[in-house]
Amino acid sequence: MLRITLEPQWHIGLDDRPALSANTLLDLLATVESAGSIAEAGRELGLSYRHAWGLLQQAEQVFGQPLLVRGRGRGSALTELGQKLIWADARIGARLQPLLESLASELEGELGRVQRRRRAVPRLHASHGFAVAALREQLATRQVNVELRYRNSLEAVAALAQGDCELAGFHVPLGEFETAAAARYLAWLKRDQHLLVQLAVRTQGLFVAPDNPLGVHGLVDLRRKGLRFVNRPEGSGTRVLTELLLQREGIAPRSVAGYDNTELTHAAVAAYVASDMADVGIGVQTAAHRFGLHFIPLLKERYFFALPADALEREELRPVLTVLRSPAFRARVAALKGYEAADTGKVMTVAEALG
């Protein structure tokens, strides 16, 4: 089965000198931070001590200042510039990963169609999330091919209704906001034309810096002047949730500093906060955990895939549904921080799920 991987590539340099390929440098800096020494970092990455030092010296010449503080017998620590480079790389990865994965999947589908000379594999449109990424891994392991395109929840459900995909991912909060949030999707989902399969229940909340130095306790704190917020784009399920939460608190969206600053994914929001570009963001607990942030739970939500009503009879969709309903995938979802998988793979009618 054809697999394509696309990755961002850094190049840094001065106008009058050849640019330095920085990806190995960034790996080295990140490993020095965790390992505490250049020698240990080099061993972990398979680099000689001489090569690691040479790479660092080249980069320091470009920047005109050190990236490491060297201590005799005490290992090495990153300077502020070195740390900024690592966080910049984390933000780039979080921001570009879904776009590159989506493009790679489209290319796989296009080239696969040329190879097979037959209809495309099932098309999955979904917002980028950790359970969706886990599903893609499980499908690849079992050599089940899908064409994945990352789109926001409203775009995905609209694409299904218009026949542009066979599976559409979206999420709906549990509790007081369920009816209002579901109404946006029910404009596209029809009781006699679609089924839903549950992917997971996950926890959404606020991301703040480690140890919560600004003393943020809830969404009401967004009233505070000087508190910088980072949002999700229009049409995303989390943006819908944010609007409902602000409405409940009586907070005008335009009064929130940074409301128009958006990041595409939960991970990108977490990286933005971790880089001190913002003080508060909203997203799933897994992203906060992976970026070492303090997490303030707000509510739980269900993530669904919507499918055509005859999905269980479609030969091309059976392998995907088999993986979705497998104990192995359920265990993979349950292992994600802030995710619950008790009903992962459960197939429901639109009425049963959303009323």
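Residues numbered from 1 in each chain as written. Predicted model: local features only at pLDDT ≥ 70, side-chain atom pairs only at ≥ 80, totals over all residues. Heavy atoms only, no water.

A. Just the side chain of Glu178, in detail. Looking at the element boundaries, Glu178 is found in helix H7 (residues 178–186). In terms of polar contacts, Glu178 uses its side chain to reach the side chain of Arg302, at 2.6 Å. Among all residues touching Glu178, those that are not within four sequence positions of it are Val172, Pro173, Arg302 and Ala353. (Helix = DSSP H or I, 4+ residues; strand = E, 2+ residues; numbered from the N terminus. Polar contact = N/O pair within 3.5 Å; in protein donor to acceptor, adjacent residues only side chain to side chain. Contact = heavy atoms within 4.5 Å.)

B. Just the environment of Arg151, in detail. Within the element layout of this structure, Arg151 appears in the loop between strand E6 (147–150) and helix H6 (153–161). Considering only alpha carbons, one finds Arg151 and Ala30, 121 residues apart in sequence, at a separation of 31 Å. Not counting the four nearest positions on each side in its chain, Arg151 is found in contact with His125, Ala126, Ser127, Ala156 and Ala159. Here the side chain of Arg151 touches His125 through a polar contact of 3.2 Å, side chain to side chain.

C. Structural context of the packing of aromatic side chains. Taken as a whole and judged by the stated rule, the model has seven aromatic pairs. Each residue in the set Phe170, Tyr185 and Phe304 is aromatic and connected to the rest through ring pairs, giving one cluster. (Phe/Tyr/Trp six-rings, centres within 6.5 Å; stacked < 30°, edge-to-face > 60°.)

D. Up close: the environment of Phe170. Among the secondary structure elements, Phe170 is positioned in strand E7 (residues 167–173). Classification of Phe170 by relative accessible area gives buried; the value is 0%. The sequence separation of Phe170 and Tyr303 amounts to 133 residues, and the corresponding C-alpha distance is 5.8 Å. (Buried < 20%, exposed > 50% of the residue type's maximum accessible area, 1.4 Å probe, protein only.)

E. Structural detail: the packing of helix H5 (residues 130–141) against helix H12 (residues 327–334). Closest axis-to-axis distance for the H5/H12 pair is 10 Å, and the angle between their directions is 145°. At the point where H5 passes H12, the crossing takes the right-handed sense. Packed against H5, whose contacting residues are Ala131, Ala134, Leu135, Glu137 and Gln138, the element H12 presents Ala328, Phe329, Arg332 and Val333 at the interface. Counted by class, the contact of H5 with H12 contains six nonpolar, one polar and two charged residues. (Axes fitted to C-alpha atoms, helices over the stretch in contact; angles between N-to-C directions. Left-handed = near helix turned anticlockwise from the far one by under 90°. Nonpolar A, V, L, I, M, F, W, Y, C, P; charged D, E, K, R; others polar.)

F. Just a nonpolar patch on the surface, in detail. There is a patch of nonpolar side chains on the surface, built from Leu96, Leu99 and Leu264 and spanning about 230 Å² of accessible area. Assignment of secondary structure puts Leu99 in helix H4 (residues 80–116). Residue classification places Leu99 among the partly exposed positions, given a relative accessible area of 47%. (Patch = residues over 30% accessible without salt bridge, like charges linked within 9 Å, V, L, I, M, F, W, Y side chains within 5 Å. Areas by Shrake-Rupley, 256 points an atom, 1.4 Å probe, with all protein chains shown as cover. Salt bridge = Lys/Arg side-chain N within 4 Å of Asp/Glu carboxyl O.)

G. Geometry of unusual backbone geometry. Positive phi is not limited to glycine here, since Asp211 has a value of about 70°. By the element assignment, Asp211 lies in the loop between strand E8 (194–208) and strand E9 (229–230). Classification of Asp211 by relative accessible area gives exposed; the value is 74%. Residue Asn212 is not a glycine yet carries a positive backbone phi of 50°. Its location among the elements puts Asn212 in the loop between E8 and E9.

H. Structural view of the side chain of Thr265. Of note, Thr265 is situated in the loop between helix H8 (237–249) and helix H9 (266–274). Excluding residues within four positions of it along the chain, Thr265 makes contact with Ala94, Pro98, His128 and Arg232.

I. Summary view of the pattern of salt bridges. Applying the stated rule across the entire model yields 18 salt bridges. Linking Arg239 and Glu243 is a salt bridge whose minimum nitrogen-to-oxygen distance equals 3.5 Å. Remark: Glu243 and Arg239 occur in helix H8; sequence separation between them is four residues, near one turn of the helix. With a closest N to O distance of 2.4 Å, Glu340 and Lys300 form a salt bridge. Note that Glu340 is positioned in strand E12 (residues 339–340) and Lys300 in strand E11 (residues 294–308), a separation of 40 residues in sequence. Assessed through its relative accessible area of 38%, Lys300 is described here as partly exposed.

Shape descriptors only; they carry no functional weight alone.
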